[in-house]
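Now for the letters of each chain:
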Amino acid sequence: MKTAFKGLATVVALFALVAIGAAADAAKPKFKVIAFYTAKADLAHISFVHEANHWFPEMAKKYNFTYDSTNNWNNLNMAFLSKYQVVLFLDTRPEQPEQRAAFEAYMKGGGAWMGFHFAAFALSPSGVPQNWDWYHNEFLGSGQYSSNTWRPTSAVLRVENKRSDITKGLPATFTAAPNEWYRWEKNLRQNAAIEILLSVDTSSFPLGTGPKPNEIWHSGDYPVAWRNKNYRMVYVNMGHNDMDYEHKFDNTNRTLSYTFHNSMQNKFLLNALQWLGKR
């Protein structure tokens, strides 16, 4: 009888250990995210960064990942990056050679990345010249910035690959949050390494309100989210809120639109982030 009780106690103890282990695994974050940002140069980009640094922690609680952010680009080194499975560039890119080398090594070593809007910008000559061939030409595949719409407006986006984990659950088209949309130097569709995920649907045209005629798109092919098959990465053109630039309301430069106030766009971003965080 005692032996039976001992056996039962052992079984109960084993079940308890298994339950504790399962609870511990459930509590353990699925992956860790670090976001780099500058938030100095443009009111809309600053607004987006503040919004992102509020939204992502909320999503981290809900979807069981961790989110840290830093404006210290010197943290872009291998020792620091080794703590994280996903890196975000919210509004800019690294400028120092050692930072760039560390990021390239991180990505070539199997790291994951998501970049937003201005993180892909480069134009020579400008304050952000195209002086990083690996990043702009090979990694992003887009080359230099070419032009943009103005002012920030919503666009109807077309889902290019409905079978991708990143686009699962999305309708064939959806309306994105207001944004400044970019056109690029290189034709991404001619790059075999690039998989376009979202593009501007023709129902969006004319896109933009000007005042300059060239800031309004009437036709053309404009990818706005894509991945490079040779890396674990996703770039999204979104990340520029509409602002009261003209002080129509007051003198506070208030934010007039928010990137993360759009359920379908948020679903796409969360799909992408969770895909990047899988191991």
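Below, the structure is looked at part by part. The structure presented is a predicted model; accordingly, all values stated were derived computationally and were not measured.

About the thresholds
- Residues numbered from 1 in each chain as written.
- Predicted model: local features only at pLDDT ≥ 70, side-chain atom pairs only at ≥ 80, totals over all residues.
- Heavy atoms only, no water.
- Helix = DSSP H or I, 4+ residues; strand = E, 2+ residues; numbered from the N terminus.
- Buried < 20%, exposed > 50% of the residue type's maximum accessible area, 1.4 Å probe, protein only.
- Contact = heavy atoms within 4.5 Å.
- Lys, Arg positive; Asp, Glu negative; His and termini not counted.
- Charge placed at Lys NZ, Arg CZ, Asp CG, Glu CD.
- Phe/Tyr/Trp six-rings, centres within 6.5 Å; stacked < 30°, edge-to-face > 60°.

## Re the overall build of the protein chain
Here is step 1: Of regular secondary structure, the protein chain possesses 6 helices and 11 strands.
Here is step 2: Across its three principal directions, the C-alpha atoms of the protein chain cover 90 × 45 × 40 Å.
Here is step 3: Taken over 279 residues, the protein chain has a buried fraction of 52%.
Here is step 4: In the protein chain, once contacts between residues fewer than 6 apart in sequence are set aside, the share between residues at least 24 apart is 74%.
Here is step 5: Positive and negative side-chain charges in the protein chain, numbering 29 and 23 respectively, have mean positions lying 11 Å apart.

## Brief notes about the packing of aromatic side chains
Here is step 1: Under the defined criterion, the tally for this structure stands at 40 aromatic pairs.
Here is step 2: Judged by centre distance (5.7 Å) and plane angle (90 degrees), the rings of Phe-103 and Phe-139 are edge-to-face. Separated by 36 residues along the polypeptide, Phe-103 in helix H4 (residues 97–108) and Phe-139 in helix H5 (residues 133–139) bring together distant segments of the chain. Just as Phe-103 is buried, Phe-139 falls in that class too.
Here is step 3: Considering the side-chain rings of Trp-113 and Tyr-135, the 6.2 Å spacing of their centres and the 80 degrees angle between planes classify their relative orientation as edge-to-face. Within this pair, whereas Trp-113 is found in strand E4 (residues 112–116), its partner Tyr-135 is found in helix H5, the two being separated by 22 residues in sequence.
Here is step 4: Judged by its relative accessible area of 0%, Trp-113 falls in the buried class.
Here is step 5: Each residue in the set Phe-36, Trp-73, Phe-80, Tyr-84, Phe-89, Phe-103, Trp-113, Trp-132, Trp-134, Tyr-135, Phe-139 and Tyr-231 is aromatic and connected to the rest through ring pairs, giving one cluster.

## Considerations on the side chain of Gln-99
Here is step 1: By the secondary structure assignment, Gln-99 is in helix H4.
Here is step 2: The contact partners of Gln-99, leaving out residues within four places of it in the chain, are Trp-73, Asn-74, Leu-76 and Pro-94.

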